[in-house]
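# Reading the structure
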Amino acid sequence: VETEWAVALVGLGDLGRALAHYKGFANRGFRITAIFDSDPKKIGADINGLTVMDSATMIAEIRARGLRVAMLAVPAEKAQEVANQLVEAGIRGILNYAPINLTVPKEVRVQYIDPVTHLQRMTFYLDAT
C-alpha cells in the first residue's frame, strides 16, 4: 500500500469499539488516528494507544491533524449533526454506519454501511420456506 490514510472514528459504542480494535485497516492503507465520543465515561480512555477525545474538540482536532476521512458510528439521531461538524472540520470522505442518509455538500463523499440492507438483499434470494 503506497498511501496511508489517517482516519477519525466518531462514536465509541459497540460498533465503534469493534472498529477501533479491527486489525484489517492497516494493511489496506487506513489507520485510525483519532477517536471521538461525547460520553464522559469514555473520554480519556486508551484504545490501542489512542486517547479517546471529547467530541466537543472534534472540529479543532480534525483541522489541526489535517484529517480528510472519518468513520461515523453514532446513533441515527445524531448522525446528521455530527456529519455537519465533520464537513466543517474539513472531512471529505465519510464512512457512515448510521442507518440514515446524510445531507452533505457535493464535494463530500459518503459511503453507507447498513448491515440490515445487506441481509435483506442476501435473504431475498433464499427460499424462506
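Preceding this section is the structure that the text describes.
What comes next is a walk through the structure. Just so it is clear, the model here is predicted, and its values are computed rather than measured. (Residues numbered from 1 in each chain as written. Predicted model: local features only at pLDDT ≥ 70, side-chain atom pairs only at ≥ 80, totals over all residues. Heavy atoms only, no water.)

## Focus on the overall build of the chain
Our working rule: Working definition: helices are DSSP H or I runs of at least four residues, strands are E runs of at least two. Numbering for both runs from the N terminus. To be clear on the numbers: accessible area is Shrake-Rupley with a 1.4 Å probe, and residue cover counts the displayed protein chains and nothing else. When charges are counted, neither His nor the chain ends are considered; positive counts come from Lys and Arg and negative counts from Asp and Glu. A single reference atom marks each charge: NZ on Lys, CZ on Arg, CG on Asp, CD on Glu.
Secondary structure assignment for the chain yields 4 helices and 8 strands. Viewed in the frame of its principal axes, the chain has a C-alpha envelope of about 55 × 35 × 30 Å. Total accessible area on the chain stands at roughly 8100 Å², and carbon and sulfur atoms take up 55% of it. Of the side-chain charges in the chain, 14 are positive and 14 negative, and the distance between the mean point of each set is 4 Å.

## Remarks on the packing of helix 2 (residues 58-65) against helix 3 (residues 76-89)
What counts is decided by this rule: Between the N-to-C directions of two axes lies an angle of 0 to 180 degrees, each axis being a line fitted to C-alpha atoms and, for a helix, fitted only over the stretch in contact. Crossing handedness: left-handed means the near helix sits turned counterclockwise from the far one by under a right angle, and right-handed means the same turn made clockwise. Residue contacts follow a heavy-atom distance rule, with two residues in contact if any of their heavy atoms lie within 4.5 Å. Classification convention: Asp, Glu, Lys, Arg as charged; Ala, Val, Leu, Ile, Met, Phe, Trp, Tyr, Cys, Pro as nonpolar; all other residues, Gly among them, as polar.
At a minimum axis distance of 8 Å, the contact between helix 2 and helix 3 shows a crossing angle of 35°. Both helix 2 and helix 3 take part in a crossing whose hand is right-handed. Between helix 2, through Met58, Ile59, Ile62 and Arg63, and helix 3, the contact on the second element is made entirely by Val82, Gln85, Leu86, Glu88 and Ala89. Grouping the amino acids of the contact of helix 2 with helix 3 by side-chain chemistry returns 6 nonpolar, 1 polar and 2 charged.

## Comments concerning the pattern of salt bridges
Keep this limit in mind: Put simply, a salt bridge is a Lys or Arg side-chain nitrogen that is within 4 Å of an Asp or Glu carboxyl oxygen.
Overall, the coordinates contain 3 salt bridges when judged by the stated rule. A salt bridge links Glu81 to Lys78; its shortest N-O distance comes to 3.9 Å. With Glu81 and Lys78 both in helix 3 and 3 residues apart, the pair spans about one turn of that helix.

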